[in-house]
Amino acid sequence: MNNPEAVFTLLYVVLSFCFVFTPTEFRSAGLTVQDLLADQLGSEQLGFVHYHIRRTAATLVAHSLLPLGYYAGMCFASSDETNYFLVSWGWIIYLLVAVLTPAVVSLIVLYWSSKNWSNHPIARSLAYYALPQSSWRAVASSINIEFRRIDKFASGAPGARVIVTDTWVMKVTTYHVHVAQQQDIHLTLTESRQHELCPDLSTPVQFLTIQVGVINPRITPFDIRLNSTEYGELREKLHTTIRNAHNVVIHQSLSDMFLDTFKIQVELNQRYHLSGNQELESCIGCMQTAANIKLVKICMEPNDGECQQCYCRPMWCLTCMGKWFASRQDQQHPETWLSNRVPCPTCRSKFCILDISIVC
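It should be emphasised that the depicted structure is a prediction, and the values quoted were computed from it without experimental measurement. Think of each chain on its own: its residues are numbered from 1, step by step along the sequence as written. Only residues with pLDDT of at least 70 get local features here, since the model is predicted, and only at 80 or more are side-chain atom pairs given and counted; chain-wide, interface and lining totals rely on the full set of residues. Hydrogens and waters are ignored; side-chain quantities use all the structure's heavy atoms.

## What about helix α1 (residues 4-21)?
A run of DSSP states H or I qualifies as a helix once it reaches four residues; a run of E qualifies as a strand once it reaches two. Both are numbered from the N-terminal end. What a helix should span is 1.5 Å times the count of its residues minus one. Taking 1.5 Å as the rise per residue, α1 with 18 residues should run 26 Å; its terminal C-alpha atoms sit 26 Å apart, in good agreement. Taken residue by residue, α1 has Glu5, Tyr12, Ser16, Cys18, Phe19 and Val20 as its buried positions. Contacts were defined at the residue level, with two residues in contact if any of their heavy atoms lie within 4.5 Å. If you follow the buried residues of α1, they end up packed against α2 (24-29), α3 (33-36), α5 (48-64) and α6 (66-77). Thr22 lies just past α1 and shows a positive phi near 40°. Summary of the burial criterion: residues with accessible area below 20% of their type's maximum are buried, those above 50% are exposed, and those between are partly exposed, where the area comes from a 1.4 Å probe applied to protein chains only.

Now the structure itself:
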């Protein structure tokens, strides 16, 4: 192309679009605000709320500088030697807007940062959950502690992450973090979209949209979007049910469908009765529910077949045992999963699905 202005404009628009919406390639190369300013923003893991307060402010300032960057680049890229960019009224107005935009944004961020960021929109939204004798910082401290736990639910791209802890439901966006307390919300499954092509998977992907309604009128409702294969994990972390008002058909993952069938089959098996002085401990897989599974060889006679007698005490719950059973299978041949044998996760004795007994 013989027009350098057109080439620069096209290149700048593409790069600006990628800088704002950050595709995977830009994130991998570290060309994001949070990567470029990592030292100034701090650690998300150690201080989730304060990290995102600084990140959203820095992102807003960085994005507001893009129009000014375009003007400066055009001054160098232009082949016009008559200083057209300095005398044209159109470009003078553009320059004025490009200068005023980051100036106004900087003043807004300066106001947010006053009183140790108490005026930031995130801080103001957290203040609605603070106790009368407390402040938003106490709420932020609670969120930071729960975010550091490994049992939280986290999903989505950096620009639209969904995070669910024991107490909070959060949606992280480019310029804001939506926060709602689990006890104050009602969830509604509103939409389902099927994507035939996904950059990360070779199979069609279903995305679900869930509306998070908040009882507190001062908190703005928001939507969260996630892959249907993560729907089951999300429900396990929530303390409330998700209302399916539009009868949306949810496509489960292969592992979820197997886990449902696995539970039904185990429910039909012979029960194992504990002795009177034996108490159930927590499942060592999830540490959340009681260990209610005992492996007892009942599929065949003790000395027949490949299955072996397991002498381990009950250490796993039904869900974790089902996940273990599925993880040891040939993922290319799901039709053989129920009939296969796997080793005990503790002692490695082989067992089949008929040898799994629920403790009663």
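## Considerations on the sheet that holds strand β8 (residues 242-243)
Strand pairing is assigned whenever DSSP identifies at least 2 bridges connecting the two strands. Read from one edge of the open sheet, four strands run β7-β6-β5-β8, paired in mixed fashion. Each edge of the open sheet carries a strand with a single partner, namely β7 (222-227) and β8. Two elements, strand β6 (residues 205-214) and β7, share six bridges in a ladder whose sense is antiparallel. Looking at β7, one finds that Val212 is bridged to Phe222.

## Describing the pattern of salt bridges
We count a salt bridge whenever a side-chain nitrogen from Lys or Arg sits within 4 Å of a carboxyl oxygen from Asp or Glu. All told, the structure shown has seven salt bridges when counted by the stated rule. Between Arg161 and Glu44 there is a salt bridge, with its nearest N and O atoms 2.7 Å apart. One end of the pair, Arg161, is in strand β2 (residues 160-164); the other, Glu44, is in the loop between α4 (38-41) and α5, with 117 residues separating them in the sequence. Salt-bridge contacts for Lys237 lead to Asp151; the nearest nitrogen and oxygen are separated by 3.2 Å.

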